[in-house]
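Each chain is listed here by its residues.
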Amino acid sequence: MAFKTTRPLRFGDCDPSGIAYFPSYLNILVGVLEDFFGSLGFPWKALVNDRRIGVPTVRLDLTFVRPGFQGDELDFVVAVRGIGRSSLDLEHQVSANGQVLWTARHRVVSTSLDTHQSLAWPDDIRAALTSHLEMTDAHHPAT
Ligand SMILES: CC(C)(COP(=O)(O)OP(=O)(O)OC[C@H]1O[C@@H](n2cnc3c(N)ncnc32)[C@H](O)[C@@H]1OP(=O)(O)O)[C@@H](O)C(=O)NCCC(=O)NCCSC(=O)c1ccc(O)cc1
């Protein structure tokens, strides 16, 4: 089942004409990813401080469909598309007023914050991610 959340598109996320500035979208997206992990029971503060696990992005493919505007309420849908040894493939769909503004294919990797190398997903995190795996079109990241 996909994770859903909303974010306001604020004055500071937009250019002077009120059109969303895409680097702001990326900052918002990181917060959504953080909330997704929190919803699974793994707040990033605890992951980072207690378990020394980071979740850096290694690939991000964005497609912009129509502009967002200051004051829009952004509806985020985050789907888990694949879980590898240490990688996680996500698909994001971002809409406002019922219309898709942009989508993204996103790969993050579990890493050790001590060695800065990849780390196989620990069993408890893998189990939580697997509970969100979309079976339609699911794939192994290695394929
Ligand atoms: C993530 C890495 C440590 C992995 O390197 P290694 O330890 O050598 O592992 P591997 O090369 O074996 O790859 C591990 C997995 O990542 C996958 N991978 C690694 N790089 C890629 C790329 N470029 N594309 C696709 N898949 C990749 C690979 O397929 C492996 O998947 P699994 O089979 O599922 O395990 C290294 O690639 C790296 O440091 N990359 C740079 C990451 C980065 O700086 N991203 C920029 C954004 S920073 C960021 O988002 C961030 C978030 C949160 C924070 O607290 C800090 C920063």
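What counts, and at which threshold
- Residues numbered from 1 in each chain as written.
- Predicted model: local features only at pLDDT ≥ 70, side-chain atom pairs only at ≥ 80, totals over all residues.
- Helix = DSSP H or I, 4+ residues; strand = E, 2+ residues; numbered from the N terminus.
- Rg over C-alpha atoms; globule rule 2.2 N^0.38 Å.
- Buried ≥ 20, exposed ≤ 12 C-beta atoms within 10 Å, placed from the backbone.
- Contact = placed C-beta atoms within 7 Å.
- Pairing = 2+ DSSP bridges.
- Axes fitted to C-alpha atoms, helices over the stretch in contact; angles between N-to-C directions.
- Core = buried A, V, L, I, M, F, W, Y, C linked by C-beta atoms within 7 Å.
- Near = placed C-beta within 6 Å.
- Nonpolar A, V, L, I, M, F, W, Y, C, P; charged D, E, K, R; others polar.
- Expected span 1.5 Å × (residues − 1).
- Arc of directions from axis to C-beta.

As recorded in an unreviewed UniProt entry, the protein goes by 4-hydroxybenzoyl-CoA thioesterase and comes from Rhizobium paranaense.

Student: Go over the overall build of the protein, please, and point to the residues and values.
Tutor: Within the protein, the secondary structure is distributed over three helices and seven strands. In sequence order, the secondary structure elements of the protein are arranged as β-α-α-β-β-β-β-β-β-α. Computed over its C-alpha atoms, the radius of gyration of the protein comes to 16 Å, within 12% of the 15 Å expected for a compact globule of 143 residues. The proportion of buried residues among the 143 residues of the protein is 24%. Considering only intrachain contacts with a sequence separation of at least 6, the fraction spanning at least 24 residues in the protein is 66%.

Student: A description of the sheet that holds strand 5 (residues 87–96) should follow, citing residues and the corresponding values.
Tutor: Spatially, the five strands line up as an open sheet ordered 1-4-5-6-3, and their pairing is antiparallel. Across the chains shown, the open sheet's two edge strands, defined by having one partner strand only, are strand 1 (3–8) and strand 3 (57–64). Neighbouring strand axes in the sheet, compared pairwise and without regard to direction, differ in orientation by 20 degrees on average. Here strand 1 pairs with strand 4 (residues 73–83) via six bridges, running antiparallel. The residue of strand 4 that forms the bridge with R7 is L74. Most of the contacts of helix 1 (residues 22–39) go to strand 1, to which it runs at about 140 degrees, and overall it touches strand 1, strand 3, strand 4, strand 5 and strand 6 (99–109).

Student: Let's hear about the nonpolar core: which residues, and what values?
Tutor: Counting 24 residues, the largest nonpolar core has V32 and L129 as the members making the most contacts within it. Those elements giving two or more residues to this core turn out to be helix 1, strand 4, strand 5, strand 6 and helix 3 (123–130). The dominant element in this core, judged by the number of residues it contributes, is helix 1, at six residues. Contact partners of L129, with chain neighbours within four places excluded, come to V80, I83, L88 and W121.

Student: Explain the site of the ligand residue by residue, including any values.
Tutor: Around the ligand sit 18 residues in total, of which G84, R85, S86, S87 and S118 are the nearest. Elements with a contribution of two residues or more to the shell around the ligand: strand 3 and strand 6. Class assignment for the residues of the shell around the ligand results in six nonpolar, nine polar and three charged.

Student: Got a sec to walk through helix 1? Specific residues and values, please.
Tutor: Residues that lie three or four places apart on an α-helix share one face, since the helix turns once every 3.6 residues. Compared with an ideal rise of 1.5 Å per residue, which puts 18 residues at 26 Å, helix 1 spans 26 Å between its outermost C-alpha atoms and is within 8% of the ideal. Regarding helix 1, the residues found buried are Y25, L29, V32, L33, F36 and F37. Each buried residue of helix 1 lies within a common arc of 140 degrees when the element is viewed along its axis, so the set occupies one face. Across helix 1 from its buried face, at more than 90 degrees, point the exposed residues P23, N27, V30 and G31. Where the residues of helix 1 are buried, they touch strand 1, helix 2 (44–49), strand 4, strand 5 and strand 6. The positive-phi residue at the C-terminal boundary of helix 1 is G41, with phi of around 100 degrees.

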